[in-house]
Structure formats: C-alpha cells, structure tokens
Amino acid sequence: MSEEARQTISYLTRRFKSVGLRPQSRFGQNFLVDLNLLDLLVRASDIQPNDVVLEIGTGMGSLTGRLAQLAAVVVTVEIDPNLQQLAREELEPYSNIRYLLQDALRNKNHLNESIIEAVQTELAVDPARRFKVAANLPYCIATPVVSNLLSTTIVPDSMTVTIQKELAERIMARPSTKDYSALSIWIQSLCDVELIRVMPPSDFWPRPKVDSAIIQIRPQAAKRARIVDLEFFHQFIRSLFFHRRKFLRSVAISAMQDRMDKAAVDRVLSQFQLGPDARAEQLSVEQMIAVGEAFRSAAGQVAAAD
C-alpha cells in the first residue's frame, strides 16, 4: 500500500512529528483516519477516467491519491504551505495532480477565481471531460464553498464532500423546522441531495467536537432552469432569512425597499394568499421559487414604468 493510502492516526502523528508540525485548527485540519470511509467517499463520488476532480483541502494527500488513480486530473487546493509540501512528497508518483496553494475563497460570496480557471483549463483539454468535486472539506469554509460552487460559470456534475453533520442537516432541512434556511432553499432548488454516512468524531484526527457526514449534492439542469435570475433569487432568499423570526411581509419590504413600495409588496404576497402572519420558513422550496419570481417580475415592471 502506498504511503498516502495509510492515513491512520499512528502514521499521521509520526509524520507530523518527524517534521516538527502540528495540525492547525485555524485551517480546519481534521484528517479522516477511517480508511474504509475514505474509500466510501471515493466510491460515492463515482470518479471516471474523463473526470476533472476538484478537491479543496489537500491535507496529507490520502484522498488526493485515491482520486488521482481514477480521474483524468485532480485539481487540489491547500492553504497551508507546510501541509502541501508534505502532500507533494507523498504524491510524487502521480503526474495528473495540479496543486494550488491558496485560500479557496476570495471572500465569503465568491470562490477564488484561479480555482475556476484551473478547472476550466483542464476541462478544455477534452470536450468529453466532466467536472466533479470530492473533498474532506475544512469545516470553517464548507458552507461558502458548497454554496458558491453553484454560482460559478462551471457547475459540477456532483459534489461528494465531508462536512459537519449540522451543516448536512441544514442543507437537507424541510420547511417549518429549525434548520430550514436560505441555504436549504438555495441548494434544494438547484440540486438533489443525499446523505451518504454520518461519522462520529473518533473517525478523525485530531477529533473535532461535532459529528460529521458525507453528503452528495447533484446539481440538476431541469431544476436550475426554473429560476430565471439566479443571482436575484439567491440574494432574495438570503434577505428573507436575515431576520428569520420576523414576518414575511416585513422582511420582503426590507428586501425590496429599493425596487418597490409597500403596496406593491402586498400585491405580490396577496397572489399567494400569504397573510400578515406568514413567515419565510413556512414556504416550501417550490413556493419560494414562485414567490421570488413574482417579486423579480413585479420589480421589473415598476422599473419599466418609472
């Protein structure tokens, strides 16, 4: 078995000690040490020979090496230069890995452009290539990474990632539950989502303080086509949940204050029989798409009339 495949606690502690390093909590460095679960993540990702795979969080390269054995190219991103150097040493036999040393995020609402450019370059080599994401995501950036990947010019065929169990529950939450949020609506409006496995802290080193989960997110073109203006819809739902306990009318007025007056907001809400006691968290994904489009259309009519 190759070195990078042996991501066990004993191996990692020995390797870190040999170079005088420790895992950095500020970078979310928690290594998945159950090799069966690493293999499960890879199997669920269904990597094919024509796939370009994006991995965010190279770590020690254990997942990277498994992906490189199956994919056309692996674009792997690491923020910690010491860790990337260790991974490069472990992964030296592979010629189809492209390393990026940087923060995956430009800011909380955008991925770093160089990541998108690297993936686009690899996809352009062959029109048969497909884009997938497979990663043990650092918890500190998991939410913006998953969310922002759906807003890029290249949407992955699938994202199979390890994240906090709490985040997985938010992504999959149903209306009128405590976890239902703008993130739930954003991802469910565009994708099919499947929970693959829940994992306790003991499956990682160092142990995190929370349970984790492997989740698969599969963007669907038919779902995406229902939304006329993705940017407007994303901003709209985020505005509605900014003060989630307020009534829908109040947050809608605030969200649309630069585009329409209160009377116009009331006319839209009346189309859906949404009374004064309605709240955003009660609306299903389908209802939210319809309401969002009604507000977008009404705002456009107001602007055209001015």
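This text goes with the structure placed above it.
Anyway, here's the lowdown on the structure attached to this text. (Residues numbered from 1 in each chain as written. Predicted model: local features only at pLDDT ≥ 70, side-chain atom pairs only at ≥ 80, totals over all residues. Heavy atoms only, no water.)

### Section: the pairing of strand S8 (residues 158-164)
Among the seven residues that make up S8, six are buried, leaving the element largely enclosed by the rest of the structure. Pairing of strand S7 (residues 130-136) with S8 involves five bridges; the strand directions are parallel. The partner of alanine 134 across the bridge, within S8, is threonine 160. Handedness of the S7-helix H6 (residues 142-149)-S8 crossover: right-handed. Across six bridges, S8 lies against strand S11 (residues 212-219) in antiparallel orientation. Note that in S11 the partner of threonine 162 across the bridge is isoleucine 214. (Buried < 20%, exposed > 50% of the residue type's maximum accessible area, 1.4 Å probe, protein only. Helix = DSSP H or I, 4+ residues; strand = E, 2+ residues; numbered from the N terminus. Pairing = 2+ DSSP bridges. Right-handed = clockwise from strand over helix to strand, strands pointing away.)

### Side note on the environment of threonine 160
Examined against the element boundaries, threonine 160 turns out to sit in strand S8. Note on threonine 160: relative accessible area 0%, which makes it buried. Once the C-alpha coordinates of threonine 160 and aspartate 211 are considered, the two residues, 51 residues apart in sequence, prove to be 17 Å apart. The residues touching threonine 160, leaving out its near neighbours within four places in the chain, are Leu41, Ala44, Ser45, Val133, Ala134, Ala135, Ile214, Ile215 and Gln216. (Contact = heavy atoms within 4.5 Å.)

### Considering the packing of aromatic side chains
Enumeration over the complete set of coordinates arrives at four aromatic pairs. Consider the rings of phenylalanine 232 and phenylalanine 236, whose centres lie 5.7 Å apart with planes at 15°: the pair is stacked. A residue pair is termed a helical-turn pair when its members lie 3 or 4 positions apart in one helix, as phenylalanine 232 and phenylalanine 236 do in helix H10 (residues 230-240) at four residues. We classify phenylalanine 236 as buried; its relative accessible area is 3%. An aromatic cluster of three or more residues is present, and its members are Phe232, Phe236 and Phe295. (Phe/Tyr/Trp six-rings, centres within 6.5 Å; stacked < 30°, edge-to-face > 60°.)

### Overview of the environment of glutamate 113
Its location among the elements puts glutamate 113 in helix H5 (residues 113-123). The class for glutamate 113 is partly exposed, based on a relative accessible area of 35%. Sequence separation of glutamate 113 and alanine 304 is 191 residues, and the distance between their C-alpha atoms is 34 Å. Of note is the side chain of glutamate 113, whose polar atom sits 2.5 Å from the side chain of arginine 106. (Polar contact = N/O pair within 3.5 Å; in protein donor to acceptor, adjacent residues only side chain to side chain.)

### Section: the pattern of salt bridges
Counted under the stated rule, the structure contains 14 salt bridges. A salt bridge links glutamate 169 to lysine 165, with the nearest nitrogen and oxygen atoms 2.5 Å apart. In this pair, glutamate 169 and lysine 165 both sit in helix H7 (residues 165-171), four residues apart, roughly one turn of the helix. We classify glutamate 169 as partly exposed; its relative accessible area is 32%. Judged by its relative accessible area of 27%, lysine 165 falls in the partly exposed class. Taking the shortest distance from any N to any O, the salt bridge between arginine 244 and glutamate 281 comes out at 3.3 Å. Of the two residues, arginine 244 is situated in the loop between H10 and helix H11 (248-255) and glutamate 281 in the loop between helix H12 (262-271) and helix H13 (285-305); the sequence distance between them amounts to 37 residues. When salt bridges with common partners are traced through the structure, they connect Arg98, Glu122 and Arg129 into a single cluster. (Salt bridge = Lys/Arg side-chain N within 4 Å of Asp/Glu carboxyl O.)

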